[in-house]
Amino acid sequence: MALALSPPRVPKPKSALPSHYYESFLEKKGPRDRDYKKFWAGLQGLTLYFYNNNRDTKHVEKLDLGGFVKLTDEAPWGISHDPGTHFCLVLRNQEIKFKVESLESREMWKGFILTVVELRVPSNLTLLPGHLYMMSEALAKEEARRALEMPSCFLKVSRLEAQLLLERYPECGNLLLRPSGDGAGGVSVTTLQTLNGTPVVRHYKVKREGAKYVIDVEEPFCCTSLEAVVNYFVSHTNKALVPFLLDEDYEKVIGFVEADKENGESVWVAPSAPSTPGPGPAPPMGGPKQLPPTSITPAPSQDKLPPLPDQENNYVIPIGDTPAASYVNEDVPSPSRPVVLKPRRLAKLQAKLPKPPIVPKSEPKGLNSGPARKLAASSAQAFLPTTGLADVTAELEEKLQRRRALEQAAEHVADQQVRLQAPHTSQADPSSQN
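Quantities reported herein were computed from a predicted structural model and do not represent experimental measurements.

Colleague: Describe the sheet that holds strand S9 (residues 187–195), with residues and values.
Modeller: Strand order in the open sheet formed by five strands is S8-S9-S10-S11-S12, with antiparallel pairing between adjacent strands. The sheet terminates laterally at strand S8 (175–179) and strand S12 (221–223), the two strands that pair on one side only. Going from strand to strand, the sheet's axes swing by 30 degrees on average, the running direction of each strand aside. Relative to S9, S8 is paired through five bridges, and the arrangement is antiparallel.

The following block contains the structure:
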């Protein structure tokens with residue numbers, strides 16, 4: 001029996017390990033920990049990250065060095081063997097104890113922590129030239145990182161503009177950082193608070209001393225970054241000061257102003273991509289923001305057709321067929337207008353029949369001539385069906401009646417001549433009777 005082949009195992013993609021200035025094993029004991037816990041630790045920026053092992057890419061704990069106070073080499077009380085493997089990190093709100101594998105590892109950790117906090121390579125530690133070079137590289141990376149980082153409440157505005165922003169948008173915060181006017185690379189802090197209904201504006205100067213920022217007050221305070229300056233103001237005012245963050249609205253549809261071709265007024269147009277390709281503009285999706293009524297005038301609407309009546313009543317009453325009639329010239333006239341004989345048939349009839357004894361009234365030569373008569377007949381045939389009897393002038397109607405009377409008289413004379421010739425023909429041919 002053949003064994004089923006199992007699908008080949010696809011190796012999981014290896015995620016890139018985080019980049020640290022320095023990393024190694026480190027045992028940590030916090031204020032609430034009963035004993036030391038071993039981690040793989042890495043220093044990046046002003047943060048210490050702790051991992052379960054050196055292959056993990058996601059940290060389990062982290063420690064912010066923004067509240068750094070000092071580093072000490074004092075071993076915990078009761079530790080007599082190898083005190084050089086312990087050091088203590090004192091922060092503003094807590095104290096963390098560390099234990100490393102060797103004296104060299106302790107000096108390395110202390111050196112890198114002091115480098116990123118004080119932005120200088122320490123000179124009072126037992127370090128090798130190669131270690132000092134590694135710390136100088138970490139210093140350059142940290143300076144480049146801080147140069148790109150700015151607090152969200154830092155705005156490039158003047159002293160007056162900062163005050164106006166805080167007054168106009170109180171819901172966005174009441175603490176704002178701005179460039180200092182001394183040109184020395186420092187910054188200024190502008191705050192706005194309300195005291196008994198009266199706005200109180202205060203300005204504070206922050207000096208730049210190397211890689212540090214010093215808040216110039218009665219008791220100067222040194223910070224490692226502008227973010228630390230903001231945190232200092234917030235924490236020392238019981239969070240009464242809130243960093244200013246201006247909410248910005250962004251449009252979802254691209255619009256533009258276009259002049260109306262009919263009235264010349266400007267209108268706001270916000271086209272969107274059509275769902276199916278085809279000619280013609282696409283209807284706007286979502287709609288743009290409405291401009292003030294003084295600047296927008298809607299395009300004049302075209303004349304609308306009247307609404308259609310109800311479909312039950314929207315029908316045409318049929319007209320009954322008129323009775324058929326037979327005429328000598330085999331032309332069926334319309335019940336609303338007289339019949340006009342074709343010019344060719346009229347010419348043949350006049351050629352066969354003699355002139356009538358009674359001469360009708362003379363007409364103008366222009367109407368009796370052949371071309372004029374054909375032109376009148378053709379114009380009447382082209383004009384009457386389209387315009388109707390209502391547009392025929394009285395003069396043309398009178399001429400048609402005269403022509404019709406002339407044709408009837410000619411037909412009457414022809415009938416009489418036929419009747420007179422019939423008896424003579426029967427008497428002249430007696431053999432036909434036998």
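Colleague: I'd like a rundown of the side chain of His 131, residues and numbers included.
Modeller: With respect to the helices, strands and loops of the structure, His 131 is situated in helix H2 (residues 129–148). At a separation of 3.4 Å, a polar atom in the side chain of His 131 contacts the side chain of Glu 104. Ignoring any residue separated from it by four or fewer positions in sequence, one finds His 131 in contact with Glu 104 and Met 108.

Colleague: An account of the pattern of salt bridges is requested, with residue identities and associated values reported.
Modeller: One pass over the structure, following the stated rule, counts 10 salt bridges. Lys 99 serves as the salt-bridge partner of Glu 27, at 3.4 Å between the closest nitrogen and oxygen. Pair noted here: Glu 27 is in strand S1 (residues 22–29) and Lys 99 is in strand S7 (residues 95–99), with a separation of 72 residues, a long-range link. The class of Glu 27 is partly exposed, set by a relative accessible area of 23%. Ionic pairing is found between Glu 118 and Arg 120, a salt bridge with its closest N-O pair at 2.9 Å.

Colleague: Tell me about the sheet that holds strand S5 (residues 68–72), and please be specific about residues and values.
Modeller: Pairing in this open sheet of seven strands is antiparallel, and the strands run S4-S3-S2-S1-S7-S6-S5 from one edge to the other. Edge strands, defined here as strands with exactly one partner in the open sheet, are strand S4 (61–64) and S5. Geometrically, the sheet is characterised by an average inter-axis angle of 35 degrees between neighbouring strands, direction not taken into account. Relative to S7, S1 runs antiparallel, the two sharing three bridges. Looking at S7, one finds that Lys 29 is bridged to Lys 97. Contacting S1, strand S2 (37–44), strand S3 (47–51), S5 and strand S6 (86–91), helix H1 (residues 103–118) crosses the sheet at an angle of about 100 degrees to S1.

Cut-offs applied
- Residues numbered from 1 in each chain as written.
- Predicted model: local features only at pLDDT ≥ 70, side-chain atom pairs only at ≥ 80, totals over all residues.
- Heavy atoms only, no water.
- Pairing = 2+ DSSP bridges.
- Helix = DSSP H or I, 4+ residues; strand = E, 2+ residues; numbered from the N terminus.
- Axes fitted to C-alpha atoms, helices over the stretch in contact; angles between N-to-C directions.
- Polar contact = N/O pair within 3.5 Å; in protein donor to acceptor, adjacent residues only side chain to side chain.
- Contact = heavy atoms within 4.5 Å.
- Salt bridge = Lys/Arg side-chain N within 4 Å of Asp/Glu carboxyl O.
- Buried < 20%, exposed > 50% of the residue type's maximum accessible area, 1.4 Å probe, protein only.

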